[in-house]
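Structure assessment
Now for the letters of each chain:
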Amino acid sequence: MFQVGFKRYLLSSSLVLSLFGLGVSAAAQQDAKPAATDQAAPATAPAPTGQAADPLKRPISDKQKKENSKALKQELSKTYKKWLDEDVVYIISDEERKAFKQLSNDEERDQFIEAFWQRRDPTPDTEENEFKEEHYRRIEYANEHFAAGIPGWKSDRGRMYIMYGPADEIESHPSGGTYERPIEEGGGETSTFPFEEWRYRYIEGIGQEVMIEFVDTCMCGDYHMTLDRSEKDALLHTPNGGATLYEQMGMATKAQRFSGGLENLGPGPDSASQASKEFDRLERYAKLSAPPPVKFKDLEEVVSHKISVNLMPFDVLVDFVKVTGETVLVPFTVQLKNRDITFVNKEGVQRGVVNIFGRVTTLSGHIAQTFEDTVQADIPAELLAKSAENSQVYWKAVPLRTGRYRVDIVVKDVNGDRVGTWSKGIQVPDYSDDRLDASSLIVADLMEPVAAKNVGTGSFVIGATKVRPRVPPADGKPISFKRNQKLNFWMQVYNLGVDDKTHKPSATVEYNVVNTATNKPVIHSIESTEQMGNVGDQMTLQKTLSAANLDPGIYRIQIKVNDNISKQMVDPSVTFAVE
């Protein structure tokens, strides 16, 4: 791919090749000329007998100089054209493209390219440009995985991957075959071409739950993005083949599928609803094809200049989970109350939008990680008042090495134009291999296993479990649960001792829930690693408790792990309230 400064290499290599070409031509002409012509040549030191003259020392005519200059200009023009039409074709804005085409010389083009990447650099204070590196990584991935007669970056799947990154979920049908239509597509069973459906939870400027469908109608690996969900139906034009639910019941005919419109799904139970969404689908398709915007530069300025703003209140929870001996996964959970978000009416639904920007720096000021995203909440107008005390939760997990860091998080209420900041120093623990240790004890309002294909990916997902933490308020009060809710506790234990003979650990786990007012235990249970089955030197503890079993009050959960082999113990605890 194009790199600034590459033109110097092209200059030297093109010039050398041209000169060598000229030397060979001149030598050939010399052999064909009479001696008198040789005498008319400029006086130069004769070449040693039997040795050809150095072609680099031969004089260059003005004509050849012009040809060399023209060839070099064309070579460099191809390089800049490739950068514009291949490297950044999907992410450059129309204004930037127009400005680039108006530049008159290569120096201006080099400066433009450098500024182009700087505008998108999430960490401008460092030498690395993570955006640029990620962009070229995506191009490489697209070329490797989505090529089909054309380079992968040119395919529709490659384009979406380069612009928006990996999808949060992919439903893949690489061989097509039998397909049970969902009711919104008319129901009934049919046979399909190979197709994929990509789901993005949120795309900035486009919205939530973005579904993109790709169909391989030629069955040659060339998947193209489609607006018509019936395009994947291999029996669409087969008489009486792949009947929809209404067609099976005699309430519609297959001919009615081709009555015009965006899709050829035919009448069905959900036809009216689907017809009303056609313009939304067209709008979303157009937005997907536009270059992604440069994201929250205004919020970055707040962090860079250490501006303290508290107009937009929010709470933050920081947890730690071991990845390797030196790397720790650090999930940041940001919680915002609905009452602090400005909602505006959008087609009968109250919508609130909050932009979030975070930066993690070392004590020396080196930027270790940044993240930015959007939280969007859609609430029916009639329920807005009742949900004022409910919360919106954002979760971002970043890998960090052991050490001390400063974390700055800025949130912006888009509709209300209010900004809030949060800053704190954190110590990422050292999970060395020589002592018993544990992750954060996470108290969650949701804990459930995830599908095999989603292990380790997605919001709130740690390993094979989705764990949504409950965030304590900044005023020091404990996290609270209502009596009709479930309390979930999640924790990992590291570096358990392993018996040399059995190659298994031997440890006990005690769960104690204590009423802090009376200091009396209300729940007590003990488990052992022998009861837990296949446990190695690391184990994950997951427990669920019904709040209905507890009287209103404040409690402390303590999980005590005793390692019988290493004779070590860990006993983290968390306080919570039941209302």
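Because the structure is a prediction, the values reported are computed rather than measured. (Residues numbered from 1 in each chain as written. Predicted model: local features only at pLDDT ≥ 70, side-chain atom pairs only at ≥ 80, totals over all residues. Heavy atoms only, no water.)

**Some thoughts on the overall build of the protein chain**
Along its length, the protein chain carries eleven helices and 27 strands. Across the protein chain, every contact between residues at least 6 apart in sequence was considered, and the portion connecting residues at least 24 apart equals 65%. (Helix = DSSP H or I, 4+ residues; strand = E, 2+ residues; numbered from the N terminus. Contact = heavy atoms within 4.5 Å.)

**Describing the packing of helix 6 (residues 130-145) against helix 7 (residues 156-164)**
It is the contact of helix 6 with helix 7, at a shortest axis distance of 9 Å, that shows an interaxial angle of 160°. By the angle class used here, helix 6 and helix 7 are roughly antiparallel. As helix 6 packs across helix 7, the resulting crossing turns out to be right-handed. Residues His-135, Arg-137, Arg-138, Ile-139, Tyr-141, Ala-142 and His-145 of helix 6 touch helix 7, and the partners they reach there are Arg-157, Gly-158, Tyr-161, Ile-162, Met-163 and Tyr-164. Looking at the contact of helix 6 with helix 7 residue by residue, the class counts come to seven nonpolar, three polar and three charged. (Axes fitted to C-alpha atoms, helices over the stretch in contact; angles between N-to-C directions. Parallel < 35°, antiparallel > 145°, perpendicular 65-115°, else oblique. Left-handed = near helix turned anticlockwise from the far one by under 90°. Nonpolar A, V, L, I, M, F, W, Y, C, P; charged D, E, K, R; others polar.)

**Re the confidence of the model for the protein chain**
Note: predicted coordinates in regions of low pLDDT should not be interpreted at a detailed level. A residue-level look at the protein chain finds 83% of positions with pLDDT of 70 or above and a mean pLDDT of 82. Predicted confidence is poor over residues 1-50, with pLDDT under 50, and the contacts of this stretch with residues over four places away or in other chains come to 43 contacts. (pLDDT = per-residue confidence, 0-100.)

**Looking at the state of the cysteines**
Disulfide: a covalent bond formed between the sulfur atoms of two cysteine residues. Inspection of the entire model under this criterion finds one disulfide. Paired by a disulfide, Cys-218 and Cys-220 hold their sulfur atoms 1.9 Å apart. The S-S bond linking Cys-218 to Cys-220 shows a torsion near -60°; that makes this disulfide left-handed. On the accessibility criterion, Cys-218 (43% relative accessible area) is partly exposed. (Disulfide = S-S within 2.5 Å. Buried < 20%, exposed > 50% of the residue type's maximum accessible area, 1.4 Å probe, protein only.)

**A closer look at the environment of Arg-284**
Mapped onto the secondary structure, Arg-284 falls in helix 10 (residues 278-288). A sequence separation of 77 residues divides Arg-284 from Gly-207, and the C-alpha atoms of the two residues are 8.5 Å apart. What Arg-284 contacts, discounting residues up to four positions off in sequence, is Ile-206, Gly-207, Gln-208, Glu-209, Val-210 and Met-211.

**A few points about the pattern of salt bridges**
Using the criterion set out here, one finds 32 salt bridges in the structure. One salt bridge connects Lys-82 with Asp-87, and the closest N-O pair in it is separated by 3.4 Å. The salt bridge partner of Arg-418 is Asp-413, with a shortest N-O separation of 3.8 Å. Relative accessible area serves as the criterion here: at 0%, Asp-413 is assigned to the buried category. Overlapping salt bridges, with partners in common, bring together Arg-181, Asp-233, Glu-247 and Arg-257 in one network. (Salt bridge = Lys/Arg side-chain N within 4 Å of Asp/Glu carboxyl O.)

**Remarks on the sheet that holds strand 5 (residues 207-215)**
One open sheet holds the four strands; their spatial order is 1-4-5-6, and the pairing between them is antiparallel. The sheet terminates laterally at strand 1 (169-173) and strand 6 (224-226), the two strands that pair on one side only. When strand polarity is set aside, the average angle formed by the axes of neighbouring strands in this sheet is 25°. Where strand 4 (residues 195-203) lies against strand 5, eight bridges are found, and the strand directions are antiparallel. (Pairing = 2+ DSSP bridges.)

**Some words on the pairing of strand 17 (residues 442-449)**
The two faces of a sheet get side chains in turn, since along a regular strand they alternate between them. Summarising the sheet, strand 17 and strand 21 (residues 486-494) pair through three bridges and their orientation is antiparallel. In the sheet register, Ile-442 faces strand 21, and the bridge partner there is Trp-490. Examined bridge by bridge, strand 17 and strand 19 (residues 465-469) share five bridges and lie antiparallel to one another. Bridge pairing in strand 19 links Pro-449 to Thr-465.

**Observations concerning the packing of aromatic side chains**
If you walk through the whole model with that rule in mind, you get 21 aromatic pairs. Grouped by ring-pair contacts, the aromatic residues Trp-83, Phe-100, Phe-112, Phe-116, Trp-117, Phe-131 and Tyr-136 constitute a single cluster. Geometry around Tyr-80 places Arg-109 over its ring, the cationic atom sitting 5.7 Å from the centre. Lying over the aromatic face of Phe-195, Lys-232 brings its terminal NZ or CZ to 5.2 Å of the ring centre. (Phe/Tyr/Trp six-rings, centres within 6.5 Å; stacked < 30°, edge-to-face > 60°. Lys NZ or Arg CZ within 6 Å of the ring centre and 35° of its normal.)

**Topic: the pairing of strand 22 (residues 507-515)**
Across the nine residues of strand 22, eight count as buried, placing the element largely inside the fold. As paired elements, strand 22 and strand 25 (residues 553-563) share nine bridges and run antiparallel to each other. Considered in strand 25, the bridge of Thr-508 is made with Asn-562. With eight bridges joining them, strand 22 and strand 23 (residues 520-528) adopt antiparallel strand pairing. Within the sheet, the bridge partner assigned to Asn-515 lies in strand 23 and is Lys-520. The turn joining strand 22 and strand 23, which pair antiparallel and follow one another in sequence, is formed by four residues; a positive phi near 60° is taken by Asn-519.

**A short note on empty space enclosed by the protein**
Counting across every chain of the model gives two cavities of 30 Å³ or more. In this structure, the largest cavity spans a volume of roughly 70 Å³. If you go around the largest cavity, you meet 13 residues; those closest to its centre are Arg-181, Arg-229, Ser-230, Asp-233 and Leu-265. The class makeup of the residues in the lining of the largest cavity is two nonpolar, five polar and six charged. (1 Å grid on protein atoms, 1.4 Å probe; cavity = no way out; pocket = protein on both sides within 12 Å on 5 of 7 lines; lining within 4 Å. Points joined across faces, edges and corners; volume = space filled by probe spheres on them.)

**What to know about the side chain of His-135**
When you line up the elements, His-135 lands in helix 6. Engagement of the side chain of His-135 in a polar contact is seen with the backbone oxygen of Asp-87, the distance being 2.6 Å. If we skip the residues at most four places from it in the chain, His-135 touches Asp-87, Val-88, Ile-91, Trp-117 and Ile-162. (Polar contact = N/O pair within 3.5 Å; in protein donor to acceptor, adjacent residues only side chain to side chain.)

**Some points on the environment of Gly-261**
Examined against the element boundaries, Gly-261 turns out to sit in the loop between helix 8 (245-248) and helix 9 (271-276). Counting along the chain gives 33 residues from Gly-261 to Asp-228, while the straight-line C-alpha distance between them is 9.6 Å.

**Here's the deal with a negative patch on the surface**
A cluster of acidic side chains, namely Glu-127, Glu-128, Glu-130 and Glu-133, defines a negative patch on the protein surface. Along the chain, Glu-130 falls in helix 6. (Patch = residues over 30% accessible without salt bridge, like charges linked within 9 Å, V, L, I, M, F, W, Y side chains within 5 Å. Areas by Shrake-Rupley, 256 points an atom, 1.4 Å probe, with all protein chains shown as cover. Lys, Arg positive; Asp, Glu negative; His and termini not counted. Charge placed at Lys NZ, Arg CZ, Asp CG, Glu CD.)

**Section: helix 6**
The terminal C-alpha atoms of helix 6 lie 22 Å apart, and with 16 residues this matches the ideal 22 Å at 1.5 Å per residue to within 8%. Of all the residues in helix 6, the buried ones are Lys-132, His-135, Tyr-136, Arg-138, Ile-139 and Ala-142. Take helix 6 and look down its axis: the buried residues cluster within an arc of 150°, on one side only. When the buried face of helix 6 is taken as reference, the exposed residues oriented beyond 90 degrees from it are Glu-140 and Glu-144. If you check the start of helix 6, you find a side-chain oxygen 3.2 Å away from the backbone N of Phe-131, and it comes from Asn-129. (Expected span 1.5 Å × (residues − 1). Arc of directions from axis to C-beta.)

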